[in-house]
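Architecture at a glance
What follows is each chain in one-letter form.
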Amino acid sequence: MNRLINIILVARGAEYQAVCRGLKQAKCNQQKVVAIPIGINNIKRYLEAIPFGQPQPQSALLMGLCGSLTWQYRVGDKVLYQSCNYHDRTLVTDESLTHAIWQKLSKSVALANSVTSDRPICLASEKLRLGNIYPNSVVDMEGFAYLQALQKRGVAVAMLRTVSDDLTGDIPNLARAIDDKGNLKTFDLAIAMLQQPIAATRLIKGSLIGLKALQQITAELFSS
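Summary of the structure given here. Every value quoted in this text rests on a predicted model; they were computed, and no experiment measured them.

Cut-offs applied
- Residues numbered from 1 in each chain as written.
- Predicted model: local features only at pLDDT ≥ 70, side-chain atom pairs only at ≥ 80, totals over all residues.
- Heavy atoms only, no water.
- Helix = DSSP H or I, 4+ residues; strand = E, 2+ residues; numbered from the N terminus.
- Rg over C-alpha atoms; globule rule 2.2 N^0.38 Å.
- Buried < 20%, exposed > 50% of the residue type's maximum accessible area, 1.4 Å probe, protein only.
- Lys, Arg positive; Asp, Glu negative; His and termini not counted.
- Charge placed at Lys NZ, Arg CZ, Asp CG, Glu CD.
- Core = buried A, V, L, I, M, F, W, Y, C linked by side-chain atoms within 4.5 Å.
- Contact = heavy atoms within 4.5 Å.
- Polar contact = N/O pair within 3.5 Å; in protein donor to acceptor, adjacent residues only side chain to side chain.
- Axes fitted to C-alpha atoms, helices over the stretch in contact; angles between N-to-C directions.
- Parallel < 35°, antiparallel > 145°, perpendicular 65-115°, else oblique.
- Pairing = 2+ DSSP bridges.
- Patch = residues over 30% accessible without salt bridge, like charges linked within 9 Å, V, L, I, M, F, W, Y side chains within 5 Å.
- Areas by Shrake-Rupley, 256 points an atom, 1.4 Å probe, with all protein chains shown as cover.
- Salt bridge = Lys/Arg side-chain N within 4 Å of Asp/Glu carboxyl O.

**Re the overall build of the protein**
Helix and strand counts for the protein stand at seven helices and eight strands. Computed over C-alpha atoms, the radius of gyration of the protein comes to 16 Å, within 12% of the 17 Å expected from 2.2 N^0.38 for 224 residues, which places it in the range of a compact globule. Principal axes of the C-alpha set define a box for the protein whose edges measure 50 × 40 × 35 Å. Residues counted as buried form 53% of the 224 residues belonging to the protein. Averaged over its 25 positive side-chain charges, the protein has a centre that lies 6 Å from the centre of its 17 negative ones.

This is the structure we're talking about:
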C-alpha cells in the first residue's frame, strides 16, 4: 500500500502519534507522514509550506478522528470516505485509490460520506440535526479543505478516519481550545473539561478508543 500512497496527512498531536505507531507496528518505516493543523484556517499557506519534494506526490491519504452524525457509526468505528461536503458543495474522493484501500480493509471499515465543519460540533443534538441533513455521514474539521486543495494540484486523495464521538452524548465545547493556527491550547482545553466533567469523561474515553482504532487501521492498511 505504501507504493500507492505517497503521503499521509494527519492532524498534529495525538492523531499523528497514533498513525506513526501504526506504521511502526506494520514495520513500514519509509512512509511519509505530515502533521497538519486542526481545522481549515490558513490551509493554502500551510500547503504551500509542506515539503512535498520533487516530484510532487501523486496520491495522499488524509487520516484522523471524526464524529458520527448517525446511529450507524459508533465510537471506535473506522470509516472510509466516498465524498465530503462543506456547506452546499460536495467533492468525491479518488475512486481508484479509495477502491484499493477498500479492497485491503473491507472487513474493517464502513464506507461513509462526510461533512466538514469550521468549528467543533460538541452537542449530540446538533450532530443529530446535521445527520438528518447529511445522511450516512461523519463530521471532521479538515476534510473538504484538504480534498479541494490537493485535487486542484492534481493529487489523488483518499480519506480514512475513526470515530471518537457519537450521538450518545455531548462533549465539551472546544471552540476556544483551538487557536487560529490550528493548535490545541492545553489551558483552554483543561478549563472546558473542568466546566463539563461528564462530557469531558466522554471525550477522553472516546478519544482513547478512537486513537487505538486509528493505530490499528493504520497498521492493517500498511501491513505487507
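From this point, the narrative continues.
**A few points about the nonpolar core**
Residues Leu-9, Val-79, Val-138, Tyr-146, Leu-150 and Met-159 are the most contacted members of the largest nonpolar core, which totals 26 residues. Going through the elements one at a time, β1 (7-11), β2 (32-36), α2 (43-49), β3 (59-68), β4 (78-86), α5 (143-152) and β8 (156-165) are the ones with two or more residues in this core. At five residues, α5 tops the list of elements feeding residues into this core. Those residues in contact with Met-159, other than ones at most four positions away along the chain, are Leu-61, Leu-62, Val-79, Leu-80, Tyr-81, Cys-84, Thr-93, Gly-143 and Leu-147.

**A closer look at the side chain of Ser-83**
Relative to the assigned elements, Ser-83 resides in strand β4. What makes Ser-83 buried here is its relative accessible area of 11%. At a separation of 2.8 Å, a polar atom in the side chain of Ser-83 contacts the side chain of Asn-113. The contacts of Ser-83, once residues within four sequence positions are left out, are Thr-90, Leu-91, Val-92, Thr-93, Ala-112, Asn-113 and Ser-114.

**Focus: the packing of helix α3 (residues 95-105) against helix α7 (residues 197-222)**
Where α3 meets α7, the axes come as close as 9 Å, and the angle between the chain directions of the two elements is 100°. Here α3 lies roughly perpendicular to α7, going by the angle between them. On α7, the residues touching Ile-101, Lys-104 and Leu-105 of α3 are Ile-217, Glu-220, Leu-221 and Phe-222.

**A few points about the pairing of β2**
Of the pairings in the sheet, the one linking β1 to β2 comprises five bridges and is parallel in character. Bridging from a neighbouring strand, Leu-9 pairs with Val-34 of β2.

**So, the environment of Ala-213**
Among the structural elements, Ala-213 can be located in helix α7. Once you skip the residues sitting within four places of it in the chain, Ala-213 turns out to touch Gly-76, Lys-78 and Thr-162.

**A closer look at the environment of Arg-176**
Locating Arg-176 in the fold gives a position in the loop between β8 and α6 (186-195). With relative accessibility at 72%, the residue Arg-176 sits in the exposed group. Residues in contact with Arg-176, not counting those within four places in the same chain, are Lys-185 and Asp-188.

**Considerations on a nonpolar patch on the surface**
Residues Phe-187, Ile-191 and Leu-194 make up a contiguous nonpolar surface patch of about 350 Å² in total accessible area. Structurally, Ile-191 is set in helix α6.

**Quick word on the pattern of salt bridges**
What the rule picks out here adds up to seven salt bridges. Across the pair Glu-126 and Arg-119 runs a salt bridge, and its minimum N-O distance is 2.4 Å. With relative accessibility at 39%, the residue Arg-119 sits in the partly exposed group. Residues joined by salt bridges that share partners form a network here, namely Arg-119, Glu-126 and Arg-129.

**Section: unusual backbone geometry**
Both trends apply: most residues other than glycine have a negative phi, and most peptide bonds are in trans. Of note, the phi angle at Lys-27 is positive, near 60°, even though the residue is not glycine. With respect to the helices, strands and loops of the structure, Lys-27 is situated in the loop between α1 (14-25) and β2. Residues other than glycine seldom take positive phi values, yet His-87 does so here, at roughly 55°. Among the structural elements, His-87 can be located in the loop between β4 and β5 (89-92). The exposure class of His-87 is exposed, given its relative accessible area of 51%.

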